[in-house]
Amino acid sequence: MTGTTLPADLTRATAAGLAQALAAREVSAVEVAQAHLDRIAAVDGTRDADGVATGKAVHAFLHVCAENALADAKAVDDARAAGQTLPVLAGVPIAVKDVMATRGLPTTCGSRILQGWVPPYDATVVANIRAARMVVLGKTNMDEFAMGSSTEHSAYGPTRNPWDLDRIPGGSGGGSAASLAAFETPLATGTDTGGSIRQPASVTGTVGVKPTYGAVSRYGLVALASSLDQAGPCARTVLDTALLHQVMAGHDPMDSTSLTGEYPDVVAAARAGATGSLDGVTVGVVRELSGDGYQAGVLRRFEESLAVLTEAGAKVVEVSCPSFAVALAAYYLILPSEASSNLAKFDAMRYGLRVEPGGVAAPTAEQVMGATRAAGFGDEVKRRIILGTYALSSGYYDAYYGSAQKVRTLIQRDFAAAFGQADVLVSPTSPTTAFPLGDKLENPLAMYLQDVATIPANLAGVPGMSLPSGLADEDGLPVGLQILAPAGADDRLYRVGGALEAILTARWGGSVLDRVPDLSAALATAANGATR
Amino acid sequence: MTVTDTTEAVLAYDDVVAAYDPVLGLEVHVELNTATKMFCGCPTGFGAEPNTQVCPVCLGLPGALPVLNARGLESAIRIGLALNCEIATWCRFARKNYFYPDMPKNFQTSQYDEPIAFNGFLDVELDDGSTFRVEIERAHMEEDTGKSTHVGGSTGRIHGADHSLVDYNRAGIPLIEIVTKPVEGAGERAPEIARAYVSALRDLLRALGVSDVRMEQGSLRCDANLSLRAKVPGTAPGSAEQRAVPLGTRSETKNVNSLRSVERAVRYEMTRHAARLAAGLRIVQETRHWHEDTGITTSGREKSDAEDYRYFPEPDLVPMSPDPAWVDELRGTLPEPPPQRRRRLQADWGFADLEMRDLVNAGAVELVEATVAAGAAPAAARKWWSGELARRANADGVELAAMPVTPAQVAALQGLVDAGTLTDSLARQVLEGVLAGEGEPADVVESRGLRVVSDDGALGAAVDQAIADNPDVADKVRSGKVAAVGALVGAVMKQMRGQADAAKVKALLTERLAPADSTTDVTTS
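Residues numbered from 1 in each chain as written. Chains lettered and ligands numbered in written order. Predicted model: local features only at pLDDT ≥ 70, side-chain atom pairs only at ≥ 80, totals over all residues. Heavy atoms only, no water.

### Side note on the overall build of chain B
Each helix and strand counted, chain B has 17 helices and 14 strands in total. Overall, chain B is about 95 × 55 × 55 Å in size when its C-alpha atoms are taken along their principal axes. Intrachain contacts of chain B at a sequence separation of at least 6 include 69% that bridge at least 24 residues. Only carbon and sulfur atoms are counted for the fraction: they give 51% of the accessible area of chain B, which is about 23,700 Å². (Helix = DSSP H or I, 4+ residues; strand = E, 2+ residues; numbered from the N terminus. Contact = heavy atoms within 4.5 Å. Areas by Shrake-Rupley, 256 points an atom, 1.4 Å probe, with all protein chains shown as cover.)

If you want it as structure tokens, here you go:
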């Protein structure tokens, strides 16, 4: 194999490029890790003793494990020097969403209630990443317990969007998405319960995939809504996403809902898509997922993407999924119901925060539980626990949780009908580009609407991808395109996404992320502003 | 709410049953004896150091997920089949949500409206030999909670305790909860029927081999629900007129840890309810705590219908649909029903009803059966297990089956007695050696030198010595007072340190002390 050409700045390289150069020993894993740690030090900003973000910076990471990362990188270099053949992504850095249990590394889920908790075990996804000899750089910020679309619900302060530090990076996985857009890491993990991988990808100009429910083990992911949660890969290119997808996915006997049987080869699909041909592919446009409520610039980029798909040889048809209209409502019954039960374990009895109630001499266990949960959970978490507790109450169960499950069945039927007409479905990922920090904090419903296009996939368990479709004319911010495929056909996302990416980047003369403003300039301005 | 530990008024039992019709509801929790827990691979052994048999799953650590123990499901189905239940073709687990420190997740993974087994019955034999059918509502799978120990209070209960300790070794142990339908028509026999039901269930579960069924260790736990309603005069307890009377308010008595307690607790609750009703007071729907020592119940937490567990299907586990062929296969593994088996064995062995019942109550039927199978006569096998061994087990406070002697050893011991190698008294000494771990009965006979002395020379010398040492007694015998020979037998046995056959000694003495003119052939024994 001839030598690969890596950019002078290693943080601008793709994971695929790094993997190749590392395998060829053109660059060491320690050099790669150090470059990314330096970048994090330069742009991520600082946190106070309580873990809260200070000053204006990206703040994608809650915890950076530089020593571990360099040690892991060194071990990879040593193994390669000893002539060992290592897995494809060995030595490639990765950031892990803080919702995943990491042995020996703090895992807070962006919540006070888990401050200081260091899991004694690795999530299966994390174990897979370690087995692939990837270098974990740290844990990324998120809305508390993955509840939110902006990371503003993190107890440790929001992550800021590298495209504009005054805007949100999406959520809940805003930390992972921002870390990619800020070139702090080439790969990151996410979890997607209603859009937490795809919406952040959309508003940061990155790529994210929610695999088929059950394709990636949930063992070790701190559960939000068990029947909706699905972990997946985040990256800057379709191929990189596929490479990470391959590492994360697979049957896990520790997760009863884990899929058995054949897993599609997503890397091969991404490579096939990169040829730019979609001959014989039918793309369905979901009528209910565009139009009213969608930003004009978002719709324009979406129309453009449809034209590109046609150009690539795909047949574009319109499909209708009428039940999607009630998806959001059903989702906000199922999610809080399951979450209210999943979050009951945080009670100060065994781990995490413990708060003694004030003014009580000898508090009971119940009083300590109450005081801890009052102090340890943020408002959005409390809101959803209350909603879910109510929805599951005796006498209300059938009307709320029961009907929501029926809606779920209807949505699955809509998908089945749509996939009878088309191989994949497409829509804008998010109705808007990144909105300013604080814009929707006082209006939960407006925040919830961010996920209107992504939620149906979670309710039906089908896979979805978001990838950049350009920048909106009115604000110059990234717009995402969502691709949905039938359950188990995750490879179709990569085939179609790969083709779209190939054509669009050729047209733009490079990745959309090449147009992210120079962060060092933005940070310097912020710093000047702070001292002025 | 406050806890009242004061003794409540009770009504005389005869008066209770004259005026009221009791309705029982029995909930039995059985810990399965699977090697690992219900949803993780942790071991289930009893008595380990606290919090050493735990993992992220049974500790409910964030992110951990359950995986069903296939053996647990199998046991649940076998129990359901043995209780004549229908087996669900499709069912799920559900989460029962409530906060308590010994629940790692603050929800219990259980089954709610989709139990694995439902609509069955168990025929229960009563003391007079009659049979009472108890209908089974359901048998469902769930996980056990951790075990709380309340330290510093006088009662060992949470109220007044200084602090509490939780052992999560028990968290996640597979449980089957077996719930009866309301047991109507029991009348004055309600306490006996409650006890007999739990006893029959215990026998059945033991025969299935699915649980240790040790009430004292908590592997079988019974909650007894009781309510009273006005008796319809002139009708039998189970009459249609009586059944038409609405059920009264129930109490649920917990901590009933022995068969005897089940009977006593139900009887006590009947008298307590009746006294309240007779006084015009209402029955509080609540949990009652049984006190073995004082024989009363005290109020626990009030359990109103308003308590809301917010059940919903467990999304971390997949629905179960047991293959009908597998269920049929499991049906083929069911043991002979214990009552039927008892009748068969009793007939084979020729035991009286009382003898058989003693064996059953001592949990010795299987032991006797194995001893007989190893070659002992049934009567001899029964004598060992319900006599000497039962006495020693009782003295040591262990279950008969836990005694360190096997049925084969008991049979071998009896074989030595039958061969004349040991007397009964020597055999008890050999048993002591076996229980002390000195080896097989034959080894103990050798090592302790306990063989019956059959050397006529040594025995003859001892007989002569006894006659010489007790001339007065010898004269009495010679003069015809045959009964006096007993004292001489005792002297000989003492000299032989018990290792002689008493009948043979007596014969030798009688022979030597016979009047010269006797024609009686006293050597025959």
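Next comes the rest of the description.
### As for the pattern of salt bridges
Side-chain pairs of opposite charge can arise where the charged atoms are in close proximity. All names here are of chain B. In the structure shown here, the tally under the stated rule is 61 salt bridges over all chains. Ionic pairing is found between arginine 195 and aspartate 127, a salt bridge with its closest N-O pair at 3.2 Å. Of the two residues, arginine 195 sits in helix H3 (residues 190-208) while aspartate 127 sits in the loop between strand S5 (117-125) and strand S6 (131-143), which places them 68 residues apart along the sequence. Owing to a relative accessible area of 19%, arginine 195 belongs among the buried residues under this scheme. We classify aspartate 127 as partly exposed; its relative accessible area is 39%. For arginine 448, the salt bridge is made with glutamate 438, and the minimal N-O distance between the two is 2.8 Å. Of the two residues, arginine 448 sits in helix H13 (residues 441-448) while glutamate 438 sits in the loop between helix H12 (424-435) and H13, which places them 10 residues apart along the sequence. The exposure class of glutamate 438 is partly exposed, given its relative accessible area of 36%. One salt-bridge network, held together by shared partners, links Glu8, Glu269, Arg272, Arg276, Glu286 and Arg288. (Salt bridge = Lys/Arg side-chain N within 4 Å of Asp/Glu carboxyl O. Buried < 20%, exposed > 50% of the residue type's maximum accessible area, 1.4 Å probe, protein only.)

### So, the interface of chain A and chain B
At the interface, 38 residues of chain A touch 32 residues of chain B. Of the roughly 2,600 Å² buried between chain A and chain B on both sides combined, carbon and sulfur atoms contribute 62%. When the buried area of chain A at its contact with chain B is split by residue, Ser256, Lys345 and Arg350 of chain A rank highest and sum to 22% of it. Applying the counting rule to chain A against chain B returns 1 salt bridge. A salt bridge links arginine 218 of chain A to aspartate 316 of chain B; the shortest N-O distance between them is 3.0 Å. Taken together, chain A and chain B are joined by 16 residue pairs in polar contact (both at pLDDT 80 or more). If you list the elements that add at least two residues to the side of chain A that touches chain B, you get helix H10 (327-342) and helix H11 (365-376) of chain A. Here the side of chain A that touches chain B gets 5 residues from one element, more than from any other, and that element is H10 of chain A. A class-by-class count of the residues in the side of chain A that touches chain B yields 19 nonpolar, 12 polar and 7 charged. (Buried area = accessible area lost by both parts, 1.4 Å probe. Polar contact = N/O pair within 3.5 Å; in protein donor to acceptor, adjacent residues only side chain to side chain. Nonpolar A, V, L, I, M, F, W, Y, C, P; charged D, E, K, R; others polar.)

### Topic: the packing of aromatic side chains
Residue and element names in this part refer to chain A. Under the definition given, this model contains 20 aromatic pairs over all chains. With a centroid separation of 6.0 Å and an interplanar angle of 70 degrees, the aromatic rings of phenylalanine 145 and phenylalanine 377 are classed as edge-to-face. One end of the pair, phenylalanine 145, is in the loop between strand S5 (135-140) and helix H5 (174-181); the other, phenylalanine 377, is in the loop between H11 and helix H12 (379-391), and 232 residues separate them in sequence. Each member of the pair phenylalanine 145 and phenylalanine 377 is classed as buried. Through pairs of rings, three or more aromatic residues link up here, namely Trp117, Phe145, Phe346, Tyr351 and Phe377. (Phe/Tyr/Trp six-rings, centres within 6.5 Å; stacked < 30°, edge-to-face > 60°.)

### Focus on the environment of glutamate 388 of chain B
Structurally, the position occupied by glutamate 388 of chain B is in helix H10 (residues 378-396). Those residues in contact with glutamate 388 of chain B that sit more than four places away from it in its chain are Lys383, Arg428 and Leu431 of chain B.

### A word on the pairing of strand S4 (residues 93-97) of chain A
Residues and elements named next belong to chain A. In terms of residue burial, S4 counts as a mostly covered element, since 5 of its 5 residues are buried. Burial along S4 is two-sided: Pro93, Ala95 and Lys97 facing one way and Ile94 and Val96 facing the other are all buried. Note: S4 against S5, 5 bridges, orientation parallel. Within S5, the residue paired with valine 96 across the bridge is lysine 139. Regarding topology, helix H4 (residues 124-131) serves as the crossover connection from S4 to the parallel S5, and that connection is right-handed. (Pairing = 2+ DSSP bridges. Right-handed = clockwise from strand over helix to strand, strands pointing away.)

### Observations regarding helix H3 (residues 66-81) of chain A
Residues and elements named next belong to chain A. With 16 residues, H3 extends 22 Å from end C-alpha to end C-alpha; this agrees with the ideal 22 Å at 1.5 Å per step. All of the buried residues in H3 are Ala69, Ala73, Val76, Ala79 and Arg80. What you see down the axis of H3 is that its buried residues fit within an arc of 120 degrees, all on one side. Close packing links the buried residues of H3 with helix H1 (15-23), helix H2 (29-43) and S5. Backbone geometry just after H3 places glycine 83 at a positive phi near 85 degrees. (Expected span 1.5 Å × (residues − 1). Arc of directions from axis to C-beta.)

### Let's talk about the layout of surface pockets
All names here are of chain B. Of the pockets and cavities examined, the second largest pocket occupies roughly 1,400 Å³. No other element matches the 7 residues that H3 contributes to the lining of the second largest pocket. Taken together, the residues that form the lining of the second largest pocket break down as 16 nonpolar, 10 polar and 17 charged. (1 Å grid on protein atoms, 1.4 Å probe; cavity = no way out; pocket = protein on both sides within 12 Å on 5 of 7 lines; lining within 4 Å. Points joined across faces, edges and corners; volume = space filled by probe spheres on them.)

### As for the packing of H12 of chain B against H13 of chain B
Helix-helix packing is described using two parameters, namely the angle between the two axes and the distance between the axes. Residue and element names in this part refer to chain B. It is at 9 Å that the axes of H12 and H13 come closest, and there the two elements cross at 110 degrees. By the criterion of interaxial angle, the relationship of H12 to H13 is roughly perpendicular. Touching Gln429, Val430, Glu432, Gly433 and Val434 of H12 are Pro441, Val444, Val445 and Arg448, all from H13. Its residues assigned to classes, the contact of H12 with H13 shows 5 nonpolar, 2 polar and 2 charged. (Axes fitted to C-alpha atoms, helices over the stretch in contact; angles between N-to-C directions. Parallel < 35°, antiparallel > 145°, perpendicular 65-115°, else oblique.)

### As for the sheet that holds strand S3 (residues 94-97) of chain B
The strand order across the open sheet built from 3 strands is S4-S3-S14 (chain B), with neighbouring strands paired in antiparallel fashion. The open sheet is flanked by strand S4 (107-110) and strand S14 (312-313) of chain B, the only strands paired with a single partner. In the sheet, S3 of chain B pairs with S4 of chain B via 4 bridges, with the strands oriented antiparallel. Looking at S4 of chain B, one finds that alanine 94 of chain B is bridged to serine 110 of chain B. Across the sheet, H10 of chain A is in contact with S3, S4 and S14 of chain B; its angle to S3 of chain B comes to roughly 60 degrees.

### Re empty space enclosed by the protein
Residue and element names in this part refer to chain B. Tallied over the entire structure, the rule returns 7 cavities of 30 Å³ or more. What the largest cavity holds in volume is close to 280 Å³. For the largest cavity, the lining is made up of 27 residues, of which Val57, Gly60, Lys105, Phe107 and Glu143 are closest to its centre. In terms of residue count, S4 provides more of the lining of the largest cavity than any other element does, 3 residues in total. Residue classes in the lining of the largest cavity are distributed as 13 nonpolar, 7 polar and 7 charged. Of the pockets and cavities examined, the second largest cavity occupies roughly 140 Å³. What lines the second largest cavity is Asp203, Arg206, Ala207, Pro338, Arg341, Arg342, Val360, Gly363, Ala364, Val365 and Glu366. Among the elements of the structure, H3, helix H7 (338-349) and helix H9 (365-373) are those that each provide at least two residues to the lining of the second largest cavity. Of the residues contributing to the lining of the second largest cavity, the split by class is 5 nonpolar, 1 polar and 5 charged. Viewed by domain, the lining of the second largest cavity spans two of them, domain 1 (13-322) and domain 2 (338-448), each represented by three or more residues. (Domains from an automatic or database assignment.)

### With respect to the domain arrangement of chain B
Interfaces are often described in size by the accessible area the parts lose on coming together. Partitioning chain B into structural domains gives domain 1 (13-322), domain 2 (338-448) and domain 3 (456-512). Each of domain 1 of chain B and domain 3 of chain B was reduced to a C-alpha centroid, and the two centroids are 64 Å apart.

### Re the environment of lysine 440 of chain A
Residue and element names in this part refer to chain A. Following the sequence through the fold, lysine 440 ends up in the loop between strand S11 (424-428) and helix H14 (444-448). Residue lysine 440 is classed as buried on the basis of its relative accessible area of 16%. Taking the C-alpha atoms as reference, lysine 440 lies 22 Å from arginine 112; in sequence the two are 328 residues apart. The residues touching lysine 440, leaving out its near neighbours within four places in the chain, are Phe435, Ala446, Met447 and Gln450.

### What to know about unusual backbone geometry
Omega for the bond connecting glycine 171 of chain A with serine 172 of chain A falls within 30 degrees of zero, at 5 degrees, which places this linkage in the cis form. Backbone geometry at valine 213 of chain B places phi at a positive 40 degrees, although glycine is not the residue there. For valine 213 of chain B, the position within the fold is in the loop between H3 and strand S10 (220-230). Given the relative accessible area of 3%, valine 213 of chain B is considered buried.

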